[in-house]
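# Commentary on secondary and tertiary structure
Spelled out, the chains give:
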Amino acid sequence: MLEAVIVDDEIKALQSLSWELTNLSDEVDIIASFTDAREALDYLEKNTPDCLFLDIEMPAMDGFQFIKNLKNKDFPVVITTAYNQYALQALKNEAIDYLLKPIDSDDLEETIAKIKKFNAKNLTVERLERILLNFNSESQSKKITINTDGKLVFLNSDEILYAESDGNYSTIFLKDGQKILLTKKLKEVNALLPESSFFRIHNSYIINLNKIKEFLKTDGYVVLESNHKIPVSRQKKSDFLDML
C-alpha cells in the first residue's frame, strides 16, 4: 500500500486527484491532504509518506519553495500543475515525475509505477541508517564491526569477554577462546562497544559487564565467566560499583 500526501491550494483539484488515485488502484491510500502549504510542511516534518503530490502554483509559497523548505525529503515528489513550462525546473528539483492538469489516468498509472519502482530500489542511506539505529537500540546484542587484518569482523557483544591494551595495539578476547588483534588504542576500541554492556575498568582493560562471575573486593579484581582475573583500578572502582 502506497501512502500518499497531496498538497494543492485548489480544493477541487485536490479532490479530483484524490478520487483519481483511490479509484485507480486499491494500493494507494491518501493519508493526508492540504490546501495550506505551511500546514503540509508541519505535517511532513513528523511524517514520512511513500510519495507527495505537489501543486506548483500556490499563494504565499509555490511548490519549488515548498520543496526547499522540506526538512524531510526521504520520499519521492510528483509535481502537478496546469502549466507545462515547469517541467525542467521540476526535474532540477529532483521530482520523480511531472503531471499536467487535467491529469490523465494513463499518465497517473505510469507515475504510480515509477513511485513503486523508486521505493523498491531506493531504500536510502538515511532510511537504512534509521532502521539500523532503531534495531541496535532495541537489541541487547547489537552487532559490533571490527576492522582487522584486511577484513571486517561482525561480532555480537555477547561474544566478547574483554579487551586488553598493549600500547598502540589492543586485543579482544572472545568467549570461544579466539583473540582478535587490532591496531587501535584501547580508547578507540572502547568507542566501538556499547556503554550499557562494557566498562573500562582499568587503563589496560575493558570488560563485558554481563560476563562477570565474581568481584573480589579486597584484592581489587573481577573474575569473568572464563575465569580470567581482571584488575580494577582504584580510580575506576567507584564508577564500576555504580555500573553494577
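Up top is the structure.
Let us look at the structure shown here. (Residues numbered from 1 in each chain as written. Predicted model: local features only at pLDDT ≥ 70, side-chain atom pairs only at ≥ 80, totals over all residues. Heavy atoms only, no water.)

Our focus in this paragraph is the overall build of the chain. When its secondary structure is counted, the chain shows 8 helices and 15 strands. Counting all 244 residues of the chain, 40% fall into the buried class. A separation of at least 24 residues holds for 49% of the contacts in the chain among residues at least 6 apart in sequence. Carbon and sulfur atoms make up 46% of the accessible area of the chain, which totals about 14700 Å². (Helix = DSSP H or I, 4+ residues; strand = E, 2+ residues; numbered from the N terminus. Buried < 20%, exposed > 50% of the residue type's maximum accessible area, 1.4 Å probe, protein only. Contact = heavy atoms within 4.5 Å. Areas by Shrake-Rupley, 256 points an atom, 1.4 Å probe, with all protein chains shown as cover.)

This brings us to the sheet that holds strand 15 (residues 229-231). Taken together, 3 strands build an open sheet; the order of strands is 13-14-15 and the sheet is antiparallel. Strands at the two margins of the open sheet, each flanked by one partner only, are strand 13 (212-216) and strand 15. Sheet twist, expressed as the mean angle between neighbouring strand axes with direction ignored, is 25 degrees. With 4 bridges joining them, strand 13 and strand 14 (residues 221-224) adopt antiparallel strand pairing. (Pairing = 2+ DSSP bridges. Axes fitted to C-alpha atoms, helices over the stretch in contact; angles between N-to-C directions.)

To continue, consider the nonpolar core. Counting 22 residues, the largest nonpolar core has Val7, Leu52, Leu54, Phe66 and Ile79 as the members making the most contacts within it. Secondary-structure elements contributing two or more residues to this core are strand 1 (2-7), strand 2 (28-34), helix 2 (37-46), strand 3 (51-55), helix 3 (63-69) and strand 4 (77-81). (Core = buried A, V, L, I, M, F, W, Y, C linked by side-chain atoms within 4.5 Å.)

Pairing is parallel in the open sheet, where 5 strands are placed in the order 2-1-3-4-5. Of all the strands in the sheet, just strand 2 and strand 5 (97-100) have a single pairing partner and so form its edges. Within the sheet, the average angular offset between the axes of one strand and its neighbour, ignoring direction, is 20 degrees. Pairing between strand 1 and strand 2: 6 bridges, direction parallel. Bridge assignment links Ile6 to a residue of strand 2, and that residue is Ser33.

What follows concerns the side chain of Asn208. In this structure, Asn208 sits in strand 12 (residues 205-208). What makes Asn208 buried here is its relative accessible area of 1%. A distance of 3.0 Å separates the side chain of Asn208 from the backbone nitrogen of Asn210, its partner in a polar contact. (Polar contact = N/O pair within 3.5 Å; in protein donor to acceptor, adjacent residues only side chain to side chain.)

Here we come to the environment of Val223. Assignment of secondary structure puts Val223 in strand 14. On the accessibility criterion, Val223 (7% relative accessible area) is buried. If we skip the residues at most four places from it in the chain, Val223 touches Lys211, Ile212, Lys213, Glu214, Leu216, His228 and Lys229.

A few words now on the pairing of strand 11 (residues 198-202). Note on strand geometry: in a regular strand, side chains alternate between the two faces of the sheet. Pairing of strand 11 with strand 12 involves 4 bridges; the strand directions are antiparallel. Note on strand 12: the bridge partner recorded for Phe199 is Ile207. Turn length for the strand 11-strand 12 hairpin, with the two strands adjacent in sequence and antiparallel, is 2 residues.

Look at helix 1 (residues 11-24): 20 Å from first C-alpha to last across 14 residues, which is about the 20 Å you get at 1.5 Å a residue. Taken as a whole, helix 1 has its buried residues at Ala13, Leu14, Leu17, Ser18, Glu20 and Leu21. Seen along its axis, helix 1 keeps its buried residues to an arc of 165 degrees; they face one direction. The exposed set on the far side of helix 1, more than 90 degrees from its buried face, consists of Lys12 and Trp19. (Expected span 1.5 Å × (residues − 1). Arc of directions from axis to C-beta.)

Glancing now at the pattern of salt bridges. Within the structure shown, the criterion is met by 6 salt bridges. For Lys175, the salt bridge identified is with Asp158, shortest N-O distance 3.1 Å. On the criterion of sequence distance, the pair formed by Lys175 in the loop between strand 9 (169-174) and strand 10 (179-182) and Asp158 in the loop between strand 7 (151-156) and strand 8 (160-166) is long-range, its members being 17 residues apart. Classification of Asp158 as partly exposed rests on a relative accessible area of 35%. Residues participating in the shared-partner salt-bridge network are Asp8, Asp55 and Lys101. (Salt bridge = Lys/Arg side-chain N within 4 Å of Asp/Glu carboxyl O.)

On to unusual backbone geometry, then. Cis geometry marks the peptide bond from Lys101 to Pro102; its omega dihedral reads -5 degrees. Secondary-structure assignment places Pro102 in the loop between strand 5 and helix 5 (105-121). Non-glycine residue Ala60 carries a positive phi angle of around 70 degrees. Structurally, Ala60 is set in the loop between strand 3 and helix 3. Look at Asn227: it is not a glycine, yet its phi comes out positive at around 75 degrees. Looking at the secondary structure, you find Asn227 in the loop between strand 14 and strand 15.

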